[in-house]
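Read off the chains here:
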Amino acid sequence: MTTTNKTNSGNRLGGRGIAGICLAACGLLTIVWGGTVVPANVLDADFMSFVCGGLVVLAFGTCLITALPPALRIVTVWLAAVSLIAYMFILRIEVMVALIGCVPVIGFAAWISVKLWRAPTAPRDRLQDGQI
């Protein structure tokens, strides 16, 4: 018994993909929920906390969905990183502390981007090409 379901197009949807879809949906719902709880204002720290949290969960979810193209997954990672950097400056903390906080955010986003861009093709793709 396998945990994958082969569709007519040859794509497989496994547990990792399903978890990614669920996380992406939770991220979007968090952003929408934030817009209903507090007024949607990008310069408001309360709203941006919902947006940042939702975008981080959305980025984790899209990274788990291997059927998505790497460029789309990288865009969601950088969108979350930019929102976190903006959030640090919206909180009006000291500029030097915010800049120090930007370094690990940018570094992590760059590292994940390189990993996603250079990721090997999924084993199912190599099976179809006869490489394995």
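Preceding this paragraph is the structure being described.
Starting from 1, residues in each chain are numbered consecutively following that chain's sequence as written. This being a predicted model, a pLDDT of at least 70 is required before a residue's local features are given, and a value of 80 or more before pairs of side-chain atoms are given or counted; all residues contribute to the totals for chains, interfaces and linings. Side-chain numbers come from the whole structure's heavy atoms, not from hydrogens or water.

1. Thoughts on the packing of aromatic side chains
Within a pair of aromatic rings, the relevant descriptors are the distance that separates the centres and the angle that separates the planes.
Thinking step 1. Each aromatic pair joins two rings of Phe, Tyr and Trp (for Trp, the six-membered one) with centres within 6.5 Å, and gets the label stacked for planes under 30 degrees apart, edge-to-face for over 60, and tilted for any other angle. Under the counting rule described, the total for this entry stands at two aromatic pairs.
Thinking step 2. Ring geometry for F108 versus W111: centroids 5.9 Å apart, planes at 40°, classification tilted. One end of the pair is F108 and the other is W111, both in helix 4 (residues 95-117) and three residues apart, which spans about a single turn. Numbered from the N terminus, helices here are DSSP runs of H or I no shorter than four residues, and strands are runs of E no shorter than two.

2. So, the nonpolar core
The nonpolar side chains of a soluble globular protein tend to be buried, and buried together.
Thinking step 1. Of all hydrophobic cores here, the largest spans 24 residues; its most connected members are V77, M88 and L116.
Thinking step 2. Broken down by secondary-structure element, the contributors of at least two residues to this core are helix 2 (45-64), helix 3 (70-90) and helix 4.
Thinking step 3. Per-element accounting of this core gives the leading share, nine residues, to helix 2.
Thinking step 4. Once residues lying within four places of it in the same chain are set aside, the contact partners of L116 are C63, P70, R73, I74 and V77. As used here, the term nonpolar core means buried Ala, Val, Leu, Ile, Met, Phe, Trp, Tyr and Cys residues forming a set that is joined through side-chain atoms within 4.5 Å. Remark: exposure states derive from per-residue accessible area (1.4 Å probe, protein chains only) relative to the maximum for the residue type, with buried under 20%, exposed over 50%, and partly exposed in between. When checking whether two residues touch, look at their non-hydrogen atoms; a contact exists if any pair is within 4.5 Å.

3. Some remarks on the packing of helix 2 against helix 3
Thinking step 1. Fitted lines through C-alpha atoms serve as axes, helices being fitted only where they are in contact, and the angles separating the N-to-C directions of these axes extend from 0 to 180 degrees. For the pair helix 2 and helix 3, the least separation of the axes is 9 Å and the interaxial angle reads 160°. Regarding the angle of helix 2 to helix 3, the classification is roughly antiparallel. Handedness of the helix 2/helix 3 crossing: left-handed. Residue-level inspection shows A45, M48, S49, C52, L55, V56, A59, T62 and C63 of helix 2 in contact with helix 3, the latter providing R73, T76, V77, L79, A80, S83, L84, Y87 and I90.
Thinking step 2. Grouping the constituent residues of the contact of helix 2 with helix 3 by class yields 13 nonpolar, four polar and one charged. The labels follow the angle: roughly parallel below 35 degrees, roughly antiparallel above 145, roughly perpendicular from 65 to 115, and oblique for the rest. Crossing handedness follows the turn of the near helix against the far one: under a right angle anticlockwise gives a left-handed crossing, and clockwise gives a right-handed one. Any residue outside Ala, Val, Leu, Ile, Met, Phe, Trp, Tyr, Cys, Pro, Asp, Glu, Lys and Arg is labelled polar, Gly included; the first ten of those are nonpolar and the last four are charged.

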